[in-house]
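# Residue-level structure breakdown
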Amino acid sequence: MQDKLTTWLWFETEAEEAARFYASVFRNTQIGDVLKAPGGGEPHTTEGQVLTAEFRIEGHGFVCLNGGPHPGAARSDSVSFQILCKDQAEVDEYWNKLSADGGQEVQCGWVKDRYGFSWQIVPEILPRLMADPDRAKAARVTAAMMKMIKLDVAALEAAARG
């Protein structure tokens, strides 16, 4: 799976486990190649240990890398993944899956998964409401969103109506 642009995610030892987790979260996902160390000097690996595990979400390529401990591999909210959801049911589905088993709910529709990566779970209606030419409506929607943890479509629509 060679894409022009691929997202790489750094793990100490959980690359294959993480790829399988993400494949279980999203509907249109495929697991790709799992590359194992041949032995002979790779850092932080032994012969047969997983080096990388590839997967695709909605056609976008990801590679999980077992890079071992590295101070530069710390997770940061400065990089996140957005999931644009058609309705509240889809928001709830992704929210529940990504926040489970050690995930962490954050404010404004953000959730950290069990590996510490940040996801923005956004209903499709939110960007439209925030870009509304009626700036008072957009401001009400934004103010409502800022008070939420998981985004609530009905509450956003109510804020838009005033």
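For the structure itself, consult the block above.
Let us look at the structure shown here. (Residues numbered from 1 in each chain as written. Predicted model: local features only at pLDDT ≥ 70, side-chain atom pairs only at ≥ 80, totals over all residues. Heavy atoms only, no water.)

Our focus in this paragraph is the packing of aromatic side chains. Within this structure, the stated rule accounts for 12 aromatic pairs. When the centroid spacing of 5.1 Å and the interplanar angle of 35 degrees are considered together, the rings of phenylalanine 26 and tyrosine 94 count as tilted. A residue pair is termed long-range when its members are at least 10 positions apart, and phenylalanine 26 in the loop between helix 1 (15-25) and strand 2 (29-36) and tyrosine 94 in helix 2 (residues 88-99) qualify at 68 residues. For the pair formed by phenylalanine 26 and tyrosine 94, the shared burial category is buried. Members of the aromatic cluster, connected to one another through ring pairs, are Phe11, Phe21, Tyr22, Phe26, Phe55, Phe62, Phe81, Tyr94, Tyr115, Phe117 and Trp119. Positioned above the aromatic ring of phenylalanine 11 is the side chain of arginine 75, whose terminal nitrogen or guanidinium carbon lies 5.3 Å from the ring centre. (Phe/Tyr/Trp six-rings, centres within 6.5 Å; stacked < 30°, edge-to-face > 60°. Helix = DSSP H or I, 4+ residues; strand = E, 2+ residues; numbered from the N terminus. Buried < 20%, exposed > 50% of the residue type's maximum accessible area, 1.4 Å probe, protein only. Lys NZ or Arg CZ within 6 Å of the ring centre and 35° of its normal.)

When helix 1 is considered as a whole, its buried residues turn out to be Ala15, Ala18, Ala19, Phe21, Tyr22 and Val25. Projected onto a plane normal to the axis of helix 1, the buried residues spread over an arc of 160 degrees and lie on a single side. Along its buried surface, helix 1 packs onto strand 1 (7-11), strand 2, strand 3 (50-57), strand 4 (60-66), helix 2 and strand 8 (118-123). (Arc of directions from axis to C-beta. Contact = heavy atoms within 4.5 Å.)

Any two packed helices are characterised by how steeply their axes cross, that is the angle between the axes, and by the distance between the axes. Helix 2 packs onto helix 1 with a crossing angle of 160 degrees between their chain directions and a minimal axis gap of 10 Å. Compared by their axis directions, helix 1 and helix 2 come out roughly antiparallel. Between helix 1 and helix 2 lies a crossing whose hand is right-handed. On the side of helix 1, the interface is formed by Phe21, Ser24 and Val25, while helix 2 contributes Glu93, Tyr94, Lys97 and Leu98. Considered class by class, the residues forming the contact of helix 1 with helix 2 number four nonpolar, one polar and two charged. (Axes fitted to C-alpha atoms, helices over the stretch in contact; angles between N-to-C directions. Parallel < 35°, antiparallel > 145°, perpendicular 65-115°, else oblique. Left-handed = near helix turned anticlockwise from the far one by under 90°. Nonpolar A, V, L, I, M, F, W, Y, C, P; charged D, E, K, R; others polar.)

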